Amino acid sequence: MMLIGSPNVCYASEKSTVDPKERLMTLKTINLTFGSFLSVYETLSYVPHPTDPSKTLLKQEATVQVEGVPLNRYMEDVLTKNISTNAGKGRQGLEWVIGKLNAEMKELANSAATSTNEILTQTKKSLDDITDQARKSMDELSATAQKIHI
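Residues numbered from 1 in each chain as written. Predicted model: local features only at pLDDT ≥ 70, side-chain atom pairs only at ≥ 80, totals over all residues. Heavy atoms only, no water.

- If you look the protein chain up in an unreviewed UniProt entry, it shows as PRELI/MSF1 domain-containing protein from Anopheles quadriannulatus.

1. Examining the sheet that holds strand 4 (residues 56-66)
Phase 1: With respect to topology, four strands assemble into an open sheet ordered 1-2-3-4, the strand pairing being antiparallel. Single-partner strands in this sheet number two, and they are strand 1 (12-19) and strand 4. Pairs of neighbouring strands in the sheet enclose a mean axial angle of 10°, with direction left out of account.
Phase 2: In this structure, strand 2 (residues 24-31) lies alongside strand 3 (residues 38-48), joined through six bridges in antiparallel fashion. Directly across from T29, in strand 3, lies its bridge partner E42. (Pairing = 2+ DSSP bridges. Helix = DSSP H or I, 4+ residues; strand = E, 2+ residues; numbered from the N terminus. Axes fitted to C-alpha atoms, helices over the stretch in contact; angles between N-to-C directions.)

2. Some points on the pairing of strand 3
Phase 1: Hairpin connection of strand 2 to strand 3: six residues between the antiparallel strands, including F34 at a positive phi of 60°.
Phase 2: Of the strand pairs in this sheet, strand 3 and strand 4 are connected by eleven bridges, and their pairing is antiparallel. Counted as the bridge partner of L44 is Q60 from strand 4.

3. Here we look at the nonpolar core
Phase 1: Among the nonpolar cores identified, the biggest contains nine residues, and these are F34, F37, L38, V40, V64, V66, V69, M75 and L79.
Phase 2: Listed by contribution, the elements that provide at least two residues to this core are strand 3, strand 4 and helix 1 (72-149). (Core = buried A, V, L, I, M, F, W, Y, C linked by side-chain atoms within 4.5 Å. Buried < 20%, exposed > 50% of the residue type's maximum accessible area, 1.4 Å probe, protein only.)

4. Describing the domain arrangement of the protein chain
Phase 1: Examined at the domain level, the protein chain breaks down into domain 1 (9-69) and domain 2 (73-139).
Phase 2: For domain 1 versus domain 2, the distance between C-alpha centres works out to 30 Å.
Phase 3: On the domain 2 side, the residues contacting the ten residues of domain 1 number seven residues.
Phase 4: Interface of domain 1 and domain 2: buried area, both sides summed, is about 670 Å²; carbon and sulfur atoms make up 79% of it.
Phase 5: Ranking the residues of domain 1 by area buried against domain 2 places Q60, V64 and V66 at the top, with a combined share of 54%.
Phase 6: Counting every contact that joins domain 1 to domain 2 gives zero salt bridges.
Phase 7: Between domain 1 and domain 2 we count one residue pair in polar contact (both at pLDDT 80 or more) in total. (Domains from an automatic or database assignment. Contact = heavy atoms within 4.5 Å. Buried area = accessible area lost by both parts, 1.4 Å probe. Salt bridge = Lys/Arg side-chain N within 4 Å of Asp/Glu carboxyl O. Polar contact = N/O pair within 3.5 Å; in protein donor to acceptor, adjacent residues only side chain to side chain.)

5. Let's talk about a nonpolar patch on the surface
Phase 1: Where nonpolar side chains cluster on the molecular surface, the patch consists of V9, Y11 and L32 and spans about 330 Å² of accessible area.
Phase 2: With respect to the helices and strands, the residue V9 is situated in the segment before strand 1. (Patch = residues over 30% accessible without salt bridge, like charges linked within 9 Å, V, L, I, M, F, W, Y side chains within 5 Å. Areas by Shrake-Rupley, 256 points an atom, 1.4 Å probe, with all protein chains shown as cover.)

Right under this line is the structure:
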């Protein structure tokens, strides 16, 4: 981007929509930086795989248009290649996040199972203690009753 000068920070506007009924998530992004001569419109759609519910399909489309600068076709090609490279990085990032979420869910499930087992064990022990106490009390009461009858 040396032909037009590159700022340290670039801005974009993104609109994300989620349709839980259709199980569809769509992200639409447009650049704000260099908006007077560079237009980048990007759309990402995430939908369930039609035959494998454990998978998600990602459809990514981007339109790049450069106007009013020298070598606009060259710049469009460079930007398109960058978008393609970044798309792979984005997919890897998303897969990493999903992996972390899955690991946390498994950890929570294991923790819940362990806690449930501990609660059941403690409850059984408490019930056994109460039963033993009740038997002792009944035995003492029975022994006292027999002494009174003698």
